[in-house]
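Here is what each chain is made of, one letter per residue.
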Amino acid sequence: MNNVTEFVLLGLSQNKKIKNLCFLLFLFCYIAIWMGNLLVMISITCSPLIDQPMYFFLNNLALSDLCYTSTVTPKLVTDLLAESNMISYTSCMAQLFAMHFFGGIEIFILTAMAYDRYVAICKPLHYTIIMNRQRCYTIVTASCTGAFLHSFFQCLLTINLPFCGPNEIDHYFCDVYPLLKLACTDTYQVGILVVANSGMMGLVTFVVLVLSYLLILYTIRAYPAESRTKALSTCSSHITVVVLFFVPVLFIYIRPTTTFPEDKVFALFYTIIAPMFNPLIYTFRNVEMKSALRKVWCQKLCFIGRQII
C-alpha cells in the first residue's frame, strides 16, 4: 500500500552556485556524449568496419551508451536549474527499469567484445567461422533479453515495496538502494535479492572479463613484437572501459543494502563519465577507427564542398 505518489530527488547538492556549475559541466558532458557516440556510430556504419564483429559490437555499445545516459542525464541537468526536483512514482519506476535495462545491455556487450578479442587472438584460424554475422546478431539479441530479465526482476522487487512516509531520495536518479531506504517495511530479504541480481551479475561478469583478458595477455607472449603491440593496443582500450564502468558499479551494488554520500559521485562514473570517454578511448587508441573517421568524414566534407560550389 503506497501513500507516496511522487518523490523528491535531492540531487548532487543544495548549494545554488554548485548547482549552476554542475549544470554547465553536465550539459557539456551530455552534448559530448551525443557527439562522440554518434561520430563513432556513423563512422562505423558508413565504412567497411561494420562487417567486422569487434566494430559491430562497438556500434551497439555506442548506441547503448546513448540510451543509458539519456535515462539519467537530461533529468539531472534540468533539475539543477529547478527549485524543487519532483518525480512521479510511475516515472521513477520507469527510470529505474530503463536504467537497468540499458546498463545491462552495456555489461553484456562489453562481455561480447571480450569474447570476440579472445577468439580473434587465441583462435585466429577459426575466428571467421566462430564470429560469423549470425552469431553476432544472436549475441546482441541474447544481451537485450538478459538485460530485460535483469531489469524486470529489479523493478518487480521495488514495485512490491510499500512507501508510506518520507519521499526524499538522496540521489539524482531513482535507484534501488535509495528506494529501499524509504520503504516502510523490513527490506533485508529484498536487499539480498538485489545483491544477487545486480551485484552478483556485475561481479561474475567482471571476473569473466578479467580472466579473458589475462588469458589473452598470456597467449600473446609468443607473438611477434608488431602483432603483440597491436593486440595490446586493442585490449588496453577494452580494459580501460571495463575498469571505468565496472569498478563504480561493483562499489555500489555488491555490498548489502546501505547507502553512502559517495554513491552519487561513483554513480557519475558509469552514468556520465564512462559513456563520454568510451568514444575517445576506442577512437584515439585504434588505428583502424582513426582511418575510418578520416575516410568517412573527409568524403562527406568533400561532397558538401562540391554541393556548395
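Residues numbered from 1 in each chain as written. Predicted model: local features only at pLDDT ≥ 70, side-chain atom pairs only at ≥ 80, totals over all residues. Heavy atoms only, no water.

Peer 1: Is there a simple way to explain the pattern of salt bridges in this structure?
Peer 2: Pairs may arise between side chains of opposite charge once their charged atoms sit close together. Scanning the entire structure with this criterion turns up three salt bridges. The salt bridge partner of Arg117 is Asp116, with a shortest N-O separation of 2.8 Å. The burial state of Arg117 is the same as that of Asp116; both residues are buried. Among the ionic pairs, Lys264 bridges to Asp170, the shortest N-O distance being 3.0 Å. In this pair, Lys264 is assigned in helix 10 (residues 263-284) and Asp170 in the loop between strand 3 (168-169) and helix 7 (176-182), connecting sequence segments 94 residues apart. Residue classification places Asp170 among the partly exposed positions, given a relative accessible area of 42%. (Salt bridge = Lys/Arg side-chain N within 4 Å of Asp/Glu carboxyl O. Buried < 20%, exposed > 50% of the residue type's maximum accessible area, 1.4 Å probe, protein only. Helix = DSSP H or I, 4+ residues; strand = E, 2+ residues; numbered from the N terminus.)

Peer 1: I'm lost on the sheet that holds strand 1 (residues 6-9) in this one. Help?
Peer 2: Strand pairing in a sheet takes place through backbone hydrogen bonds and is either antiparallel or parallel in direction. The three strands are arranged 2-1-3 in an open sheet whose pairing can be described as mixed. In the strand order of this sheet, the two ends are held by strand 2 (86-88) and strand 3, each with one partner. With three bridges joining them, strand 1 and strand 2 adopt antiparallel strand pairing. Within strand 2, the position partnered with Glu6 by the bridge is Ser88. Along the sheet face, helix 4 (residues 89-122) touches strand 1, strand 2 and strand 3 and points at about 85° away from the line of strand 2. (Pairing = 2+ DSSP bridges. Contact = heavy atoms within 4.5 Å. Axes fitted to C-alpha atoms, helices over the stretch in contact; angles between N-to-C directions.)

Peer 1: Hey, could you run me through the UniProt feature "transmembrane region" (unreviewed entry) in the chain in this one?
Peer 2: Under the local residue numbering, the UniProt record ascribes the feature "transmembrane region" (unreviewed entry) to residues 21-50, 93-115, 136-153, 200-220, 232-254 and 266-284. In residues 200-220, the share of helix is 95% and the share of strand is 0%. The end C-alpha atoms are 30 Å apart. (UniProt positions renumbered as here; feature names shortened; annotations may be inferred.)

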